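Here's the letter readout for the chains.
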There are 2 protein chains.
Amino acid sequence: MPPKANPRSSEIPTPKGEEPGSPAQRDRRKRIIDATLALAASGGYNAVQMRAVADKAEVALGTLYRYFPSKVHLLVAGLAREFQQTRDKLERTTIPGETPADRLVFVLGKTTRALQRDPHLTEAMVRAFMFADTTAAAEVELVGGLMEDMFATAMGKQEPTEHDRAIFHLIADVWMANLIAWVSRRASASDVHQRLELSVRLLINGTSS
Amino acid sequence: MPPKANPRSSEIPTPKGEEPGSPAQRDRRKRIIDATLALAASGGYNAVQMRAVADKAEVALGTLYRYFPSKVHLLVAGLAREFQQTRDKLERTTIPGETPADRLVFVLGKTTRALQRDPHLTEAMVRAFMFADTTAAAEVELVGGLMEDMFATAMGKQEPTEHDRAIFHLIADVWMANLIAWVSRRASASDVHQRLELSVRLLINGTSS
DNA sequence: CCATGCACTATAACATGTTCTAGTATTGTG
DNA sequence: CACAATACTAGAACATGTTATAGTGCATGG
């Protein structure tokens, strides 16, 4: 990871709420993320090479860097897009399970299995997420917010309390740490599922609400 | 992170139990890790440049790579050495606290504060730990084992059960995830301490033993 | 319509992780 | 001690993330 960050003059605002920029720009941004995820799916983190992304997205390298100031930004933005989709799908679904904890376990299990169906893609996105430095903090927090949304939806909490959010945060930490362990072959899929279930059971208990 | 791994012919065995190699080799290995940690302390992950490490350790670049096949291996080995020291110190200490959970919270708090006293060093080691790929799985597991040891010592469990170990694992996940959040300025020191305390309280309850 | 500014392209240049090569030193073994 | 094997050194070479430069085209305000 050679030189430092890239303080450009004219900023491309991160999509916050509605999509910014001209239609052509939105299209370029989409093509870039499409290319990123396609390369990630085929060969993981190492296969996401900036020149390859630019080529596949049919933009110049400089344009790629104008939209995403680093490889990590790119991959975390990709993860955000994926999680947005997952969250939106969740919100249109009925989640099975007796208790809120059951439903959360169900959602975590289902999402984890979906991620595990594409190991390279997951490896690329999750490693970037964990590796992100301060310059990508905003993108990482976006993803964190999406995880919170998903958990809140799963548990049917419209407006979670501070305490709920603290618990969600812990579960998100455990989730991501286990995905990292899984992509680096230090944990099996069943290890991951067991640990997730255990942590939900323990963390959602002891909770007052 | 350019090319791929480095499959050398003659292996340098990872120190497992007793130190391997000739005295000169042990000395080189020590110099290399010293240089790594010094550079990390001064400028974090980015300041740990392989040429700089080799220079400071007074070995050739090729030798550096013979001892540690990548920058990540190097930094994770550094973290392992630091944690070994922490663990050994712990084992010679009396840990205050009424309950095992209290003592674990104490140890986590104290160790975390120590890490936070050297933000650059911590940033370098923890990011490498999280970024590690399959080729560094062994080193990462070493660190994981050290964390388990520390937690077991803190709680006074000579031979933890499978369940204990599962809990330790979850706490280690939360710990590392929060350190990552702290080094990327997404969490304050007090956020980290609060979350650690909360997770210990909740995870050590609900536990049968 | 024209001038100005800005986004984009192509491409080179640079920084740093990693690998390779040739030669030299060291170490272990008969 | 002599030899063979292994380890080390210096340095070049290569791969890929990142930055910089020069030119082109398009859109917008006058």
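Residues numbered from 1 in each chain as written. Chains lettered and ligands numbered in written order. Predicted model: local features only at pLDDT ≥ 70, side-chain atom pairs only at ≥ 80, totals over all residues. Heavy atoms only, no water.

**Brief notes about the overall build of chain A**
Note the cut-off: Numbered from the N terminus, helices here are DSSP runs of H or I no shorter than four residues, and strands are runs of E no shorter than two. Note on exposure labels: buried denotes an accessible area under 20% of the residue type's maximum, exposed denotes more than 50%, and partly exposed covers the range between, all computed with a 1.4 Å probe on protein chains only. Working rule for contacts: check all heavy atoms of both residues, and any pair within 4.5 Å makes them a contact. Reported accessibility uses the Shrake-Rupley method at a 1.4 Å probe radius. Residues are deemed covered only where the shown protein chains occlude them.
The number of helices and strands found in chain A is nine helices and zero strands. The order of α-helices and β-strands along chain A, N terminus first, is α-α-α-α-α-α-α-α-α. Across the 209 residues in chain A, those meeting the buried criterion constitute 47%. Contacts in chain A between residues far apart in sequence, at least 24 positions, make up 72% of those at least 6 positions apart. Of the accessible surface of chain A, which amounts to about 10,100 Å², a share of 50% is contributed by carbon and sulfur atoms.

**A short note on helix α2 (residues 50-57) of chain A**
All names here are of chain A. In plain terms, the rule: Here the arc refers to the directions that run from the helix axis out to each C-beta atom.
For α2, the set of buried residues is Met50, Val53, Ala54 and Ala57. The arc that holds the buried residues of α2, viewed along the axis, is 100°, so those residues lie on one side. The exposed residues of α2 that point more than 90 degrees off its buried face are Arg51 and Asp55. Residue Glu58 follows α2 closely and has a positive phi angle near 55°.

**Things to note about the packing of aromatic side chains**
Put simply, the rule is: Here a Phe, Tyr or Trp ring, Trp counted by its six-membered ring, pairs with any other such ring whose centre lies within 6.5 Å, and the pair is stacked when the planes are under 30 degrees apart, edge-to-face when over 60, and tilted otherwise. Placement of a positive charge over a ring is assigned whenever Lys NZ or Arg CZ falls within 6 Å of the ring centre and within 35 degrees of the normal to the ring plane.
Evaluated as defined, the whole model comprises nine aromatic pairs over all chains. Seen from their ring centres, Phe151 of chain B and Phe168 of chain B are 6.0 Å apart, and the 75° between their planes marks the pair as edge-to-face. Remark: Phe168 of chain B occurs in helix α8 (residues 162-183) and Phe151 of chain B occurs in helix α7 (residues 137-155); sequence separation between them is 17 residues. Given the relative accessible area of 2%, Phe168 of chain B is considered buried. Where Phe151 of chain B meets Trp175 of chain B, the ring centres are 5.9 Å apart and the plane angle is 50°; that geometry is what we call tilted. With Phe151 of chain B in helix α7 and Trp175 of chain B in helix α8, the pair connects residues that are 24 residues apart, well separated along the chain. Among the residues examined, Phe151 of chain B registers a relative accessible area of 1% and is labelled buried. Geometry around Phe131 of chain A places Arg127 of chain B over its ring, the cationic atom sitting 4.4 Å from the centre. Seen from the ring of Tyr45 of chain B, Arg127 of chain B lies directly overhead, with NZ or CZ sitting 5.2 Å from the centre.

**Examining the interface of chain B and chain A**
We apply this condition: A side-chain nitrogen of Lys or Arg and a carboxyl oxygen of Asp or Glu constitute a salt bridge if their distance falls within 4 Å. Here a polar contact means two N or O atoms within 3.5 Å. Within protein one must be a hydrogen donor candidate and the other an acceptor candidate, and residues neighboring in sequence count only if both atoms are side-chain atoms. Under this grouping Gly is polar, as are all residues other than the nonpolar Ala, Val, Leu, Ile, Met, Phe, Trp, Tyr, Cys and Pro and the charged Asp, Glu, Lys and Arg.
Listed per partner, the contact involves 32 residues of chain B and 32 residues of chain A. For the pair chain B and chain A, the number of links is zero salt bridges. Seen at the junction of chain B and chain A, the total is four residue pairs in polar contact (both at pLDDT 80 or more). Elements with a minimum of two residues in the side of chain B that touches chain A: α6 (119-131), α7, α8 and α9 (189-204) of chain B. Considering every element that reaches the side of chain B that touches chain A, the biggest residue donor is α8 of chain B, with 11 residues. Along the lines of polarity and charge, the residues of the side of chain B that touches chain A split into 17 nonpolar, eight polar and seven charged.

**Focus on the packing of helix α8 (residues 162-183) of chain A against α9 of chain B**
To keep things clear, this is the line we draw: To obtain an axis, a line is fitted to C-alpha atoms, over the contacting stretch when the element is a helix, and the angle between two such axes runs from 0 to 180 degrees between their N-to-C directions. Comment on the angle field: the value is read as roughly parallel under 35 degrees, roughly antiparallel over 145, roughly perpendicular from 65 to 115, and oblique elsewhere.
Close contact between α8 of chain A and α9 of chain B brings their axes to 11 Å; oriented N to C, the two are set at 85°. On the basis of the axis angle, α8 of chain A is roughly perpendicular to α9 of chain B. The residues of α9 of chain B that touch α8 of chain A, namely those facing His163, Ala166, Ile167, His169 and Leu170 of chain A, are Arg195, Leu198, Ser199 and Leu202 of chain B. Classifying every residue of the contact of α8 of chain A with α9 of chain B by side-chain character gives five nonpolar, three polar and one charged.

**Concerning the UniProt feature "domain: HTH tetR-type" (unreviewed entry) in chain A**
The condition that has to hold: UniProt positions are given in the numbering used here, feature names are shortened, and annotations may be inferred rather than shown by experiment.
UniProt records the feature "domain: HTH tetR-type" (unreviewed entry) at residues 26-86 of chain A, using the numbering of this structure. Taken end to end, residues 26-86 of chain A comprises 87% helix and 0% strand; its first and last C-alpha atoms sit 21 Å apart.

**Considering the relation of the copies chain B and chain A**
Condition: Here the copies are superposed with least squares, the fitted atoms being C-alpha atoms of residues at a pLDDT of at least 70 in both.
Here chain B sits on chain A after a turn of 180° about the axis and a move of 0.0 Å along it, with an RMSD of 0.0 Å. Read as a symmetry element, the transformation amounts to a two-fold axis. The residues that chain B uses at the interface reappear at the interface of chain A in 100% of cases, marking a shared surface.

**Focus on the confidence of the model for chain A**
To keep it simple, the criterion reads: Residue-level confidence of the predictor is what pLDDT reports, using numbers from 0 through 100.
Here chain A shows a mean pLDDT of 91. Residues at 70 or above account for 89%. Predicted confidence for residues 1-17 of chain A stays below pLDDT 50, and this span has 13 contacts to residues more than four positions away or in other chains.

**Brief notes about the UniProt feature "DNA-binding region" (unreviewed entry) in chain A**
UniProt records the feature "DNA-binding region" (unreviewed entry) at residues 49-68 of chain A, using the numbering of this structure. Across residues 49-68 of chain A one finds 75% helix and 0% strand; the C-alpha atoms that close the span lie 13 Å apart.

**Some thoughts on a positive patch on the surface**
Residues and elements named next belong to chain A. Threshold: Exposure above 30% relative accessible area and the lack of any salt bridge qualify a residue for a patch; like charges then connect within 9 Å, and the nonpolar side chains Val, Leu, Ile, Met, Phe, Trp and Tyr within 5 Å. Under the convention used here, Asp and Glu are negative, Lys and Arg are positive, and both His and the chain ends fall outside the count. By convention, charge coordinates are those of NZ in Lys, CZ in Arg, CG in Asp, or CD in Glu.
A grouping of Lys89, Arg92, Lys110, Arg113 and Arg117 is seen on the molecular surface, where their side chains present a positively charged patch. Along the polypeptide, Lys110 turns up in helix α5 (residues 100-116). Judged by its relative accessible area of 46%, Lys110 is partly exposed.

**Topic: the side chain of Thr112 of chain A**
Residues and elements named next belong to chain A. Mapped onto the elements of the fold, Thr112 is located in helix α5. Reaching out from Thr112, the side chain makes a polar contact with the side chain of Trp175 at a distance of 2.8 Å. The contact partners of Thr112, leaving out residues within four places of it in the chain, are Trp175, Leu179, Val192, His193 and Leu196.

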